[in-house]
Amino acid sequence: MTEAATRPPSPAGGLPPSPDPLEPLPLLRRELGTGPSGLSAREAARRLAVYGPNEVRRKARTSLGRELVRQLVHPLALLLWAAAALAFVAGIPVLGWAIIAVVLVNAAFALLQERQAEQAVETLAKYLPEHALVIRDGRPSAVEARELVPGDLVVLEEGAKVPADARLTEGGIEVDLSMLTGESTPAERIVGPGLVGAPLLQEPNLVFSGTVCTGGQAQAIVFATGDHTELGRIAALSQRTLRDPSPLEQQVKKVAWLIAAVAVAMGGVFLAAGVAVGLPLTDTLMFAIGLLVANVPEGLLPTITLALAVGVRVLARQGAVIKRLSAVETLGSTNVICTDKTGTLTQNRMRLQAVWTPEHGREPGPWDGKLLRTSALCTTVTRGEGGELHGDPTEMALVEGAAAHAAPVDLDGRDTGRRALFRFDPRLRLMSVVQADGLQGLRVIVKGAPETVLQTLEGSSQSAAAAAEELAHEGMRVLAVAVRTLPAGAEVPRCRVVARTRRPGSACSGSSACTTHRVPKSPLPSGAATRQGSACTS
C-alpha cells in the first residue's frame, strides 16, 4: 500500500483547500493523502488533472495593437503628429512624411524593446528546475518538475533546486533563500516542529520552490505547486501591480506641453506681426506653420527610447528584471534605499582571509598550503566548461585559496581518488570524505563547525577553540579541518560515524546521519555567502 487511506477532497467548484504546512506531520500527511512510500503514479496523474501543472503561469499579454497604440499616443508622439499635419497643410509633404516615419520607427523600436524587457514571469519561471527526484509507488524516480502535485515525496540533495513548496520529513539541508528573502546566508532546514509566530519563510522545516539546496540531503512532502507557491505569489504580484507614470513620463509630458505652448505662442506672435506689417496672410500663415514645425524636436523621442533601451540591456546583463523601459529611469530617480538585509550590499562572494595551524598559529608558511590542499579535497566544488567554479561559496573560497597558496587541487583527480563522500549535514554541522591521496594511503578528512570537529580530536583542543573564537570575533566564517590516516589495508568506511571515529571496530548505528552519497556528475549552481571573508582553521 503506497498511500494513506484518506485523500484530499475532490474539487467542487474549485481546487481542494490548501493544507496548513505547519500542522503536525502525521496530520499533514493525512490531509495530503500520502504516506512514507509517496503517491501512486495513478493518484499523481489524477491530482495533476485537478491542480494543474507545477509551473508559474502568466496572464494573457496585452494585444499587440493596443501596445502599438500606446506608443503612438505618447505625449511627444502626439506633438509630432500635430507637426506632421501642419507640415502637410503648409505644403511641405517631404517634412510631413519624414516626421511620420520618425514616429512609426520609434514606436516599433520601443514596442520591440518592451516586449523583450517585459519578461518578469518568464524570468521567475527559470528558477524552477526541469526535473525532480520523487518517490512514487515506493520507488525513487526522476520526473518533470511540472508534473509534481501536492502530496508528492521529493528527494533534495546538494546542488538541486527545490521544485515546489514542501515540508521536510527526513534529513536536513542548507538552502539558499536569497531570491525570496534577500539574505545570502544559506538557511538550515531540518525536520522538526515550527516556530510559533514566525513568518512562513523563516520556518525551519519548510523549503520553497526555486531555492537551491547548498548542502545536505532530505526528503520533503509537497504542499503547494504552481501559482500557489511563494514563487507563484511573487509572479502574481508582478502582474497585478498597477502601472503609475514614471518620473520620466511625467517630465516628458510636461516638456511636450511646454514645447507645444512655446511653438504655438511663437507662431501666433509671428502671424500677428506679419499681418500688422502688411504681409500677405497666406505667406504669413505658411511661415508661422513652418515655425511651429521647426520648434518640435523630432529627434527627442527616439533619443529617449534609445537611452532607456541601453539601460535595460545593461541591467539585464547584471540579472535585473525590468518590466518596461520607463522603469530604468525610475530606478535612477531613487534617492534613498532602506535595507536591513545582511549581505545585500556586498559582492556576495567569499574569499580566504586567514589560516591557523596548531604548530604555527596564524604565521604564514608552507604549512598553509598543506592545510588548504587538504581542505580543498573535502569539497564538492566542480569546474564548468569555461573554467568557472560551481558549488558552495565557502568551498569555492577554499579551492581558490589553495591555488593562491601554491597548492592547487585537480578537481577531477580529487573525484577519482575519492572513496566515500558524506555530505554536509546541518544537524551535525560537518562533512567527511575518504580520500586516496597518492602515497599517503586512505585518509578521512572532516570539515565543519569548529565546536563539532574539535570534539573528534585526540588530546586537548583548547588552543584551537580559542583561535576559532578569536577569528569569529573578527567577523569571519570559521571552518575546522581534521585528518585521520587509516591503517594500511583498512576497509573504506561505509558510515559517517565509522569514518570519523578514532576507535577501531566501530559499527554503524543505522541513523539517518550514516548515509554515503555518490559524487555528483553535473556542475552545482553557485550559492550565496553572507561574509566578505572566510577563514580556515584546523
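One can find the structure itself at the top, above this paragraph.
It should be emphasised that the depicted structure is a prediction, and the values quoted were computed from it without experimental measurement.

1. So, the overall build of the chain
When its secondary structure is counted, the chain shows 18 helices and 15 strands. The 538 residues of the chain split such that 45% are buried. Nonlocal contacts in the chain, meaning residues at least 24 apart in sequence, comprise 70% of its contacts between residues at least 6 apart. Surface exposure of the chain reaches about 27300 Å², of which carbon and sulfur atoms provide 59%.

2. Quick look at helix α11 (residues 300–317)
Taking 1.5 Å per residue as the helical rise, α11 with its 18 residues ought to reach 26 Å, and the 26 Å between its terminal C-alpha atoms agrees with that figure. Every buried residue of α11 is listed here: Leu-301, Ile-304, Thr-305, Leu-308, Ala-309, Gly-311, Val-312 and Leu-315. On an axial view of α11, the arc spanned by its buried residues comes to 165°, and they lie on one face. Exposed and facing more than 90 degrees away from the buried side of α11 are Val-310 and Arg-317.

3. Concerning the pairing of strand β13 (residues 442–448)
A regular strand places its side chains on the two faces of the sheet in alternate fashion. In terms of burial, β13 is a largely internal element, seven of the seven residues being buried. Side chains Leu-442, Val-444, Val-446 and Gly-448 of β13 all project onto a buried face; the interleaved residues Arg-443, Ile-445 and Lys-447 project onto the opposite face, where all are buried too. Summarising the sheet, strand β12 (residues 430–436) and β13 pair through seven bridges and their orientation is antiparallel. Pairing of Val-434 across the sheet is with Val-444, part of β13. Pairing between β13 and strand β14 (residues 477–485): six bridges, direction antiparallel. Residue pairing for β14: Val-446 is matched across the bridge by Ala-482.

4. Things to note about the nonpolar core
Core analysis: the biggest nonpolar cluster contains 31 residues, and Leu-148, Val-154, Leu-156, Leu-168, Ile-173, Val-207 and Ala-220 have the highest contact counts within it. Those elements that place two or more of their residues in this core are α1 (25–32), β1 (131–136), β3 (153–157), β4 (165–176), β6 (206–207) and β7 (212–224). In terms of residues, this core owes the most to one element, β7, which gives seven residues. Those residues in contact with Val-207, other than ones at most four positions away along the chain, are Leu-156, Val-162, Ala-164, Asp-165, Ala-166, Leu-168, Ile-173, Val-175 and Arg-189.

5. Quick notes on the packing of aromatic side chains
How two aromatic rings sit relative to each other is given by the distance of their centres and the angle of their planes. In this structure the tally under the stated criterion is one aromatic pair. Relative to Trp-97, the ring of Phe-88 lies with its centre 5.3 Å away and its plane at 80°, an arrangement referred to as edge-to-face. Looking at Trp-97, the relative accessible area reads 55%, which means it is exposed.

6. Topic: the environment of Val-381
Within the secondary structure, Val-381 sits in the loop between α13 (366–377) and β9 (382–383). On the basis of relative accessible area, Val-381 is assigned to the buried category, the value being 0%.

7. Regarding the side chain of Glu-174
Turning to its location among the elements, Glu-174 is positioned in strand β4. For the buried residue Glu-174, which engages in no salt bridge, the nearest side chain bearing the opposite charge is Arg-477, 4.3 Å off. When residues no more than four places from it in sequence are discounted, the contact partners of Glu-174 are Pro-186, Ala-187, Glu-188, Val-212, Cys-213, Thr-214, Gly-215, Phe-424, Pro-426 and Arg-477.

8. Structural notes on the packing of α13 against helix α14 (residues 393–404)
Here α13 crosses α14 at 145°, and the two axes come no closer than 8 Å. Where α13 crosses over α14, the two elements pack in a sense that is left-handed. Facing α13, whose interface residues are Leu-372, Arg-373, Ser-375 and Ala-376, α14 presents Leu-398, Val-399, Gly-401 and Ala-402. Its residues placed into classes, the contact of α13 with α14 shows five nonpolar, two polar and one charged.

9. Digging into a nonpolar patch on the surface
On the surface, Val-69, Val-73 and Leu-78 cluster together to form a nonpolar patch covering roughly 250 Å² of accessible area. The topology assignment puts Val-69 in helix α3 (residues 64–72).

10. Some points on the side chain of Thr-169
Note that Thr-169 resides in strand β4. A relative accessible area of 14% places Thr-169 in the buried class. Each residue touching Thr-169, except ones within four places of it in the same chain, is listed here: Leu-25, Arg-29, Leu-153, Val-191, Gln-219, Ala-220 and Ile-221.

11. What to know about empty space enclosed by the protein
A complete count under the given rule lists two cavities of 30 Å³ or more for this structure. Here the second largest cavity defines a volume of roughly 30 Å³. In this structure, the second largest cavity is lined by Tyr-51, Gly-52, Pro-53, Arg-57, Thr-225, Gly-226, Asp-227 and His-228. Its residues assigned to classes, the lining of the second largest cavity shows two nonpolar, four polar and two charged.

12. Some words on the environment of Val-222
Of note, Val-222 is situated in strand β7. A relative accessible area of 1% means that Val-222 is categorised as buried. Between the C-alpha atoms of Val-222 and Leu-148, which are 74 residues apart in sequence, the distance is 8.1 Å.

The rules behind these values
Residues numbered from 1 in each chain as written. Predicted model: local features only at pLDDT ≥ 70, side-chain atom pairs only at ≥ 80, totals over all residues. Heavy atoms only, no water. Helix = DSSP H or I, 4+ residues; strand = E, 2+ residues; numbered from the N terminus. Buried < 20%, exposed > 50% of the residue type's maximum accessible area, 1.4 Å probe, protein only. Contact = heavy atoms within 4.5 Å. Areas by Shrake-Rupley, 256 points an atom, 1.4 Å probe, with all protein chains shown as cover. Expected span 1.5 Å × (residues − 1). Arc of directions from axis to C-beta. Pairing = 2+ DSSP bridges. Core = buried A, V, L, I, M, F, W, Y, C linked by side-chain atoms within 4.5 Å. Phe/Tyr/Trp six-rings, centres within 6.5 Å; stacked < 30°, edge-to-face > 60°. Lys, Arg positive; Asp, Glu negative; His and termini not counted. Salt bridge = Lys/Arg side-chain N within 4 Å of Asp/Glu carboxyl O. Axes fitted to C-alpha atoms, helices over the stretch in contact; angles between N-to-C directions. Left-handed = near helix turned anticlockwise from the far one by under 90°. Nonpolar A, V, L, I, M, F, W, Y, C, P; charged D, E, K, R; others polar. Patch = residues over 30% accessible without salt bridge, like charges linked within 9 Å, V, L, I, M, F, W, Y side chains within 5 Å. 1 Å grid on protein atoms, 1.4 Å probe; cavity = no way out; pocket = protein on both sides within 12 Å on 5 of 7 lines; lining within 4 Å. Points joined across faces, edges and corners; volume = space filled by probe spheres on them.

Keep in mind these values describe shape, not function.
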